[in-house]
Amino acid sequence: AELAAGVLAYIYYETISEELKESLNETIINNYAQPGMNDVTYAIDHLQQDFRCCGSNSYEDWRYSLYVITANNSGNIVPDSCCKTMTAECGRRDHPSNIYRVEGGCMTRLEKFIQEHLLLIGAISIGIACFQLIGVTMSACFLCVLYKEEKEELYNII
């Protein structure tokens with residue numbers, strides 16, 4: 001099952017990529033800095049800082065988000081995690097010297113990262129699946145030996 005999942009993920013990479021793109025954009029628009037969504041906010045902040053990007057497709061994605069529309073963001077146009085040098089309320093202006101303006105936003109950076117590491121992820125998955133298959137095979141052999149010994153003991157008693 002793990003091996004099949006890995007192969008299917010590799011084959012359907014484009015579909016997964018589109019789904020991820022849609023999901024990230026929806027998360028930015030609807031869930032960032034909303035009550036009870038602290039983990040989502042933390043994850044997006046780290047994504048933007050680690051990959052040095054802003055927004056799903058571009059920094060303009062934030063214009064339509066609940067974070068910008070609601071009044072609880074201190075007047076920020078983008079979150080502070082979009083800033084090149086992150087300071088309090090640095091997201092008030094979206095000037096290129098201030099925020100990351102990456103062509104394609106965080107999705108292009110995330111896709112590039114996944115593509116660069118896809119072979120490694122696949123190799124590790126196949127290695128784990130092979131290790132599990134070896135374990136299952138050895139367990140089956142051990143059970144066969146035990147069954148034969150039990151059968152021999154039963155014949156010796158009779």
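None of the values given here were measured: they were computed from a predicted structure.

Engineer: I'd like a description of the pattern of salt bridges, backed by residues and values.
Structural biologist: Within the structure shown, the criterion is met by 3 salt bridges. Measuring nitrogen to oxygen at the nearest pair gives 3.8 Å for the salt bridge that ties Lys-21 to Glu-18. With a gap of 3 residues between them, Lys-21 and Glu-18 both fall in helix α2 (residues 13-30), about one helical turn apart. The class of Lys-21 is partly exposed, set by a relative accessible area of 25%. Judged by relative accessible area, which is 46%, Glu-18 ranks as partly exposed.

Engineer: Describe the confidence of the model for the chain, with residues and values.
Structural biologist: With 97% of its residues at a pLDDT of at least 70, the chain reaches an overall mean of 86. Between the elements of the chain, mean pLDDT differs from a low of 72, seen in helix α1 (residues 2-11), to a high of 94, seen in helix α3 (residues 38-51).

Engineer: Mind laying out the packing of α3 against helix α5 (residues 105-157), listing which residues take part and the relevant values?
Structural biologist: Direction vectors running N to C along α3 and α5 enclose 75 degrees, while the axes themselves pass 10 Å from each other. Put simply, α3 runs roughly perpendicular to α5. Here Leu-47, Gln-48 and Phe-51 of α3 lie close against α5, whose contacting residues are Cys-106, Arg-109, Leu-110 and Phe-113. Tallied by class, residues from the contact of α3 with α5 come to 5 nonpolar, 1 polar and 1 charged.

Engineer: Report on the state of the cysteines, specifying residues and quantitative values.
Structural biologist: Scanning the model with the defined rule gives 3 disulfides in all. Here Cys-83 engages in a disulfide with Cys-90; their sulfurs sit 2.1 Å apart. Handedness of the Cys-83-Cys-90 disulfide follows from its S-S torsion of about 115 degrees: it is right-handed. You'll find Cys-83 and Cys-90 in the same group, each marked buried. Each bonded cysteine of the chain gets a number by its place in the sequence, and the pairs then read 1-6, 2-3, 4-5. The thiol of Cys-130 is not disulfide-bonded; the next cysteine sulfur, from Cys-141, is found 16 Å away. Assessed through its relative accessible area of 39%, Cys-130 is described here as partly exposed. Free cysteine Cys-144: the closest other cysteine sulfur is in Cys-141, separated by 6.4 Å.

Reading the values: the criteria
Residues numbered from 1 in each chain as written. Predicted model: local features only at pLDDT ≥ 70, side-chain atom pairs only at ≥ 80, totals over all residues. Heavy atoms only, no water. Salt bridge = Lys/Arg side-chain N within 4 Å of Asp/Glu carboxyl O. Helix = DSSP H or I, 4+ residues; strand = E, 2+ residues; numbered from the N terminus. Buried < 20%, exposed > 50% of the residue type's maximum accessible area, 1.4 Å probe, protein only. pLDDT = per-residue confidence, 0-100. Axes fitted to C-alpha atoms, helices over the stretch in contact; angles between N-to-C directions. Parallel < 35°, antiparallel > 145°, perpendicular 65-115°, else oblique. Contact = heavy atoms within 4.5 Å. Nonpolar A, V, L, I, M, F, W, Y, C, P; charged D, E, K, R; others polar. Disulfide = S-S within 2.5 Å.

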